[in-house]
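Structure assessment
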Amino acid sequence: MSELNCLECGACCFQRPGTILISESDLLRWKRTERHDILAQLDEGHFSQLAFRMGPHGACIHHGTDAEPHACRIYEARGDVCREFEAGSPQCHEFRADRGLEPRKPRARRG
Ligand code: SF4
Ligand code: SF4
């Protein structure tokens, strides 16, 4: 299990517009649970899919509360991609390095 504390990080919620993609099951779930607030804040994303809208600071529109700047405001209803993202994974470390939260690991050399 990762020792990283996501509430002190939030790096994976800072992405280029259109890249935090919404799944079909997210859409069905939000429709079923009447989360019109979430459905109303989606933008066109890559691969002809919908994506979370990004806020003015470059993070997902649902990122941060007054008490916890890196908390997810829709945590219980967040997207599948957010649920599946693994703290401590190589991509997590890459995003953290992009945000200057840790040094970038040197790429493995081939051959
Ligand atoms: S980048 Fe990793 S540590 Fe940071 S919030 Fe995302 S999963 Fe957690
Ligand atoms: S829905 Fe929550 S966890 Fe997912 S990208 Fe947005 S703020 Fe981050």
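Here the structure is a predicted model, which is why all the values come from computation and not from measurement.

Examining helix α4 (residues 90-98)
- Within the span of α4, buried status applies to C92, F95, R96 and A97.
- Looking at the residues trailing α4, positive phi occurs at G100, about 75 degrees.

Describing the packing of aromatic side chains
- Scanning all chains against the criterion turns up two aromatic pairs.
- Between W30 and F52 the ring centres are 5.8 Å apart and the planes differ by 55 degrees, which places this aromatic pair in the tilted class. In this pair, W30 is assigned in helix α1 (residues 24-32) and F52 in strand β2 (residues 50-52), connecting sequence segments 22 residues apart.
- Where F85 meets F95, the ring centres are 5.6 Å apart and the plane angle is 15 degrees; that geometry is what we call stacked. You can see F85 sitting in the loop between α3 (80-84) and α4 and its partner F95 sitting in helix α4, a full 10 residues away along the chain.
- What makes F95 buried here is its relative accessible area of 15%.
- Cation over ring: R78 sits above Y75, and NZ or CZ is 3.8 Å from the ring centre.
- A cation over a ring is seen here: R99 above F14, with NZ or CZ 3.5 Å from the ring centre.

Re the pattern of salt bridges
- If you walk through the whole model with that rule in mind, you get six salt bridges.
- As a salt-bridge pair, R104 and D98 come within 2.6 Å of each other at their nearest N and O atoms.
- Of the residues examined, R104 reaches a relative accessible area of 52% and is grouped as exposed.
- Put simply, D26, R29 and D80 are held in one network by salt bridges that share partners.

Cut-offs applied
Residues numbered from 1 in each chain as written. Chains lettered and ligands numbered in written order. Predicted model: local features only at pLDDT ≥ 70, side-chain atom pairs only at ≥ 80, totals over all residues. Heavy atoms only, no water. Buried < 20%, exposed > 50% of the residue type's maximum accessible area, 1.4 Å probe, protein only. Helix = DSSP H or I, 4+ residues; strand = E, 2+ residues; numbered from the N terminus. Phe/Tyr/Trp six-rings, centres within 6.5 Å; stacked < 30°, edge-to-face > 60°. Lys NZ or Arg CZ within 6 Å of the ring centre and 35° of its normal. Salt bridge = Lys/Arg side-chain N within 4 Å of Asp/Glu carboxyl O.

Geometric values such as these leave the question of function open.
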